[in-house]
Amino acid sequence: MNTETKHIDVTSNLVVKRGIFQVALNYYDLNNKRVQKWKSLGLKDIPGNKTQAKKLQKEVEREFEEELNTPKETVQSKGSNILFGEYMKTWLNNIKSSVEPTTYASYKNKVETIAEYFNNLGITLSALKKADIKEFYQHLVAERDIKPQTVKRYHANIHKALNEAVELELLQVNPADKMKMDKSEQFISSYYNQQELEQLFEVAKGSIIELHILLASYYGLRREEVCGLKWSAIDFEKHTITISHTVTHCNVDGKYALVKKNRTKNKSSYRTLPLVVELEKLLQERKHQQEQDKAKFGNTYKNKDGYILVDEEGKLILPDRVTKTFRNLLKDNGLKKIRFHDLRHSCASLLLANGVNMKEIQAYLGHSNWNTTANTYSHLESSTKEKSVNVIANVLSQKPLTAE
């Protein structure tokens, strides 16, 4: 009697849906029924991404085929007595190739905390209860002074990992389902007013991050968007600037990694804006200076990718250096302490104070949805509210509020 299990072969197609690369995974199950599964690669369909998408397509296809052909008995036996903390580590390792390095680094820090806590208690995956998870969240707040908003990120990791356990039939139900999370405190951003920004611009003149500061303040750019600006993003004929490339960094398995991406944080972050006259002039001066630097350093000039914000040798001014230089600039000149990212909030506050509505600010800053903008900047709407109060007061005061 032949007891061998039929091997399931998987094929795939790379397609674009709603501007994002996705993989269509095709196979015939043990009943010879054709099945198709979809997986998003999270890559925007823009020049430079197709090669990376094809590479990820092969990885996704291979990993999916391995999963389909792993005997369920083997998977289940591994999961029956595995410590929950060890399961979380395994889950993280399995998804490493399918997420961005920055995402993996963020997940890794949280998974290590989760694993340490639950392994010390000896709680297995099969024995994990909703009460255990809730106690862990309470531990994060009470013992580690972690804010509720960050606890939600821990919950997101645990929930994803347990969903995977259900799919692998290690669990029948996800104990993290429908958990009520404590309400997060509203984040109140720091920002500079017009006068404070003007003081900052004055002391930043000649600094290596002068343009970083101006671009972040005028356009509300994130640090990774500023550092990722290339000359290809500037159209001097149409007088526009396009935000389409980012540069950030993370610590992956103890190693510093610089991540360059031909895409932004989300679909809405890809945006084209008019060039401010003053900035256009500075950019033209910077371009001219780079040509002189290229001639000076010749073949040793480093900027092969056409980045705007580099030093005289063509070396990219790294995000960490921007943060450190900005912090020192404020300290050395006695200016109010804010983060570099708070220049983005400063931009939003000035827009709001001068009559630009939330929907328009959402588009300008590249937020993915209106709620993000409204929740972040609702505390800055005092001038708008005062205007509304004055209007209604003037209208209602025209008639006495008495019954006839």
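See the structure printed just above.
Now for a description of the structure that goes with this document. (Residues numbered from 1 in each chain as written. Predicted model: local features only at pLDDT ≥ 70, side-chain atom pairs only at ≥ 80, totals over all residues. Heavy atoms only, no water.)

## Some details on the pattern of salt bridges
Worth spelling out the cut-off: Basic side-chain nitrogens of Lys or Arg form a salt bridge, by our definition, when they fall within 4 Å of a carboxyl oxygen of Asp or Glu. A helix here means a DSSP run of H or I that spans at least four residues, while a strand means a run of E at least two residues long, and both kinds are numbered starting from the N terminus. The rule is simple: take the accessible area with a 1.4 Å probe, protein chains only, and divide by the maximum for that residue type; under 20% is buried, over 50% is exposed, in between is partly exposed.
Under the counting rule described, the total for this entry stands at 13 salt bridges. Close ionic contact of Glu66 with Arg62 constitutes a salt bridge, the shortest N to O distance being 3.6 Å. Taken together, the positions of Glu66 and Arg62, both in helix H1 (residues 50-68) and 4 residues apart, correspond to about one turn of that helix. On the accessibility criterion, Glu66 (46% relative accessible area) is partly exposed. Using a relative accessible area of 43% as the deciding quantity, one classes Arg62 as partly exposed. Residue Lys315 pairs with Glu313 through a salt bridge whose shortest N-O separation is 3.9 Å. Overall, Lys315 belongs to the partly exposed group, its relative accessible area being 40%. By relative accessible area, Glu313 is classed as partly exposed at 32%. Three or more residues are tied together by salt bridges with common partners; here these are Arg62, Glu63 and Glu66.

## With respect to helix H5 (residues 130-144)
One turn of the α-helix equals 3.6 residues, which is why residues spaced by three or four share an orientation. Convention followed: For a helix, the expected span equals 1.5 Å multiplied by the residue count minus one. Contact criterion: two residues are considered in contact whenever any of their non-hydrogen atoms come within 4.5 Å of each other.
The end-to-end C-alpha separation of H5 is 20 Å, in line with the 21 Å expected for 15 residues at 1.5 Å each. Listing the buried residues of H5 in full gives Asp132, Ile133, Phe136, Tyr137 and Leu140. Elements in contact with the buried residues of H5: helix H4 (101-121) and helix H6 (148-167). Within two residues after H5, Asp145 carries a phi angle of roughly 55°, on the positive side.

## A few points about the pairing of strand S5 (residues 240-243)
Filter applied, for reference: Two strands make a pair as long as DSSP finds a minimum of two bridges between them.
Going residue by residue along S5, you find Thr240 and Thr242 tucked away on one face and Ile241 and Ile243 tucked away on the opposite face as well. Both strand S4 (residues 234-235) and S5 contribute to a ladder of 2 bridges, which runs antiparallel. Each residue of the ladder has a partner; that of Asp235, found in S5, is Thr240. In terms of strand pairing, S5 meets strand S8 (residues 271-274) through 4 bridges, oriented antiparallel. Note on S8: the bridge partner recorded for Thr240 is Pro274.

## Regarding the nonpolar core
Note the cut-off: In this text, buried Ala, Val, Leu, Ile, Met, Phe, Trp, Tyr and Cys residues form a nonpolar core when linked through side-chain atoms within 4.5 Å.
Counting residues in hydrophobic clusters, the biggest one holds 41 residues, and the most contacted among them are Leu200, Ile213, Leu215, Ile241, Phe326 and Leu343. Mapped onto this core, the elements with two or more residues apiece are helix H7 (194-204), helix H8 (210-219), helix H9 (223-227), S5, helix H10 (277-297) and helix H11 (319-332). Among residues more than four places away in sequence, those in contact with Leu200 are Tyr192, Ile213, Phe326, Leu329, Leu330, Leu335 and Leu343. With 30 residues, the next largest nonpolar core counts Phe84, Trp91, Ile133 and Tyr137 among its residues.

## Side note on the environment of Pro47
Along the chain, Pro47 turns up in the loop between strand S3 (34-44) and H1. Considering only alpha carbons, one finds Pro47 and Asn262, 215 residues apart in sequence, at a separation of 7.8 Å.

## Points about the sheet that holds S5
One open sheet holds the 3 strands; their spatial order is S4-S5-S8, and the pairing between them is antiparallel. The sheet is open, and its two borders are formed by S4 and S8, each paired with just one other strand.

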